[in-house]
Amino acid sequence: MAKFDGVKGQELLDVEEQKDEITLIFKDNRFLFIKIENGKLISDSVPE
């Protein structure tokens, strides 16, 4: 999954929890957003 190559092996600095969403914050200001929409797990990373 090339979409997540930017976070592979990066140090995880923090985890933020919100209703139906978890944000993983990695070293070098990389974010991975994980949420549930319509019963499906959706993920997005910034920057990609």
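This text goes with the structure placed above it.
Keep in mind the model is a prediction, meaning the values are calculated, not measured.

Draft legend 1. How the structure looks around the pattern of salt bridges. Counted under the stated rule, the structure contains 2 salt bridges. For K19, the salt bridge is made with D20, and the minimal N-O distance between the two is 3.8 Å. According to the relative accessible area criterion, D20 is partly exposed, its value standing at 45%. In this structure, K35 and E37 form a salt bridge, with 3.2 Å as the shortest nitrogen-oxygen distance. E37 gets classed as partly exposed once you look at its relative accessible area, which sits at 37%.

Draft legend 2. Focus on a nonpolar patch on the surface. On the surface, a nonpolar cluster with roughly 230 Å² of combined accessible area is contributed by L12, V15 and I22. Mapping L12 onto the fold places it in strand β1 (residues 12-18).

Draft legend 3. A look at unusual backbone geometry. A cis amide bond, omega -15°, links V46 with the succeeding residue P47. For P47, the position within the fold is in the segment after β4 (40-46). Even without being a glycine, D20 presents a positive backbone phi close to 60°. Relative to the helices and strands, D20 is located in the loop between β1 and β2 (21-26). At N38, a position not held by glycine, the phi torsion is positive, near 55°. Along the chain, N38 falls in the loop between β3 (30-37) and β4.

Parameters at a glance
- Residues numbered from 1 in each chain as written.
- Predicted model: local features only at pLDDT ≥ 70, side-chain atom pairs only at ≥ 80, totals over all residues.
- Heavy atoms only, no water.
- Salt bridge = Lys/Arg side-chain N within 4 Å of Asp/Glu carboxyl O.
- Buried < 20%, exposed > 50% of the residue type's maximum accessible area, 1.4 Å probe, protein only.
- Patch = residues over 30% accessible without salt bridge, like charges linked within 9 Å, V, L, I, M, F, W, Y side chains within 5 Å.
- Areas by Shrake-Rupley, 256 points an atom, 1.4 Å probe, with all protein chains shown as cover.
- Helix = DSSP H or I, 4+ residues; strand = E, 2+ residues; numbered from the N terminus.

Distances and angles like these do not, on their own, reveal function.
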